[in-house]
Amino acid sequence: QVQLVESGGGLAQAGDSLRLSCAVSGRTVSSVSMGWFRQAPGKEREFVAAISRSGYPTYYADSAKGRFTISRDNAKNTVYLQMNSLLPEDTAVYYCAAKVNSANVDRWARNYDYWGQGTQVTVSS
């Protein structure tokens, strides 16, 4: 069993930065592939970024490329999503997810096995 706990969300203004954290327990981050997803009100959950079990490669949605960076700290067993140049359209609940049976990066939510409870990010213009 893998438990995921997100933190770091909050209120931001357009252009600001936030760093989301996903604390992993039950498995080491080096043994799972991880992803970040988000869901805005009235919209479906969408892929944001992913990192493979080995830490490379990483994979980003077009909306995240150049602004967001996914990384991990093996010593802290934590995965991060650094979000820069935030836009109002980044407003959503952000979820981290773990995939235990494959080493590959993956943009499809249905392939992830475990999910956190989510953290709200609100960006004002």
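Residues numbered from 1 in each chain as written. Predicted model: local features only at pLDDT ≥ 70, side-chain atom pairs only at ≥ 80, totals over all residues. Heavy atoms only, no water.

## Here's the deal with the sheet that holds strand β7 (residues 68-73)
If you trace the four strands from one edge of the open sheet to the other, you get β1-β3-β8-β7, paired in antiparallel fashion. Each edge of the sheet is formed by a strand with only one pairing partner; in this case those strands are β1 (3-7) and β7. Looking at each pair of strands side by side, their axes are set apart by 20 degrees on average, direction ignored. Of the pairings in the sheet, the one linking β1 to strand β3 (residues 18-25) comprises five bridges and is antiparallel in character. In the sheet register, Ser7 faces β3, and the bridge partner there is Ser21. (Pairing = 2+ DSSP bridges. Helix = DSSP H or I, 4+ residues; strand = E, 2+ residues; numbered from the N terminus. Axes fitted to C-alpha atoms, helices over the stretch in contact; angles between N-to-C directions.)

## Notes on the nonpolar core
Of all hydrophobic cores here, the largest spans 30 residues; its most connected members are Met34, Trp36, Leu81, Met83 and Tyr94. Looking at this core, the elements with two or more residues in it are β3, β4 (33-39), β5 (46-51), β7, β8 (78-83), β9 (92-99) and β11 (119-124). Counting six residues, the second-largest nonpolar core is a separate cluster that includes Phe47, Ala50, Ala97 and Tyr112. (Core = buried A, V, L, I, M, F, W, Y, C linked by side-chain atoms within 4.5 Å. Buried < 20%, exposed > 50% of the residue type's maximum accessible area, 1.4 Å probe, protein only.)

## Re the pattern of salt bridges
Using the criterion set out here, one finds five salt bridges in the structure. Salt-bridge contacts for Arg38 lead to Glu46; the nearest nitrogen and oxygen are separated by 2.5 Å. Exposure remark for Arg38: the relative accessible area of 6% places this residue in the buried category. The shortest N-O distance in the salt bridge between Asp106 and Lys99 comes to 3.1 Å. On the basis of relative accessible area, Lys99 is assigned to the buried category, the value being 4%. Several salt bridges share partner residues, and in doing so they unite Arg38, Glu46, Arg67 and Asp90 into one network. (Salt bridge = Lys/Arg side-chain N within 4 Å of Asp/Glu carboxyl O.)

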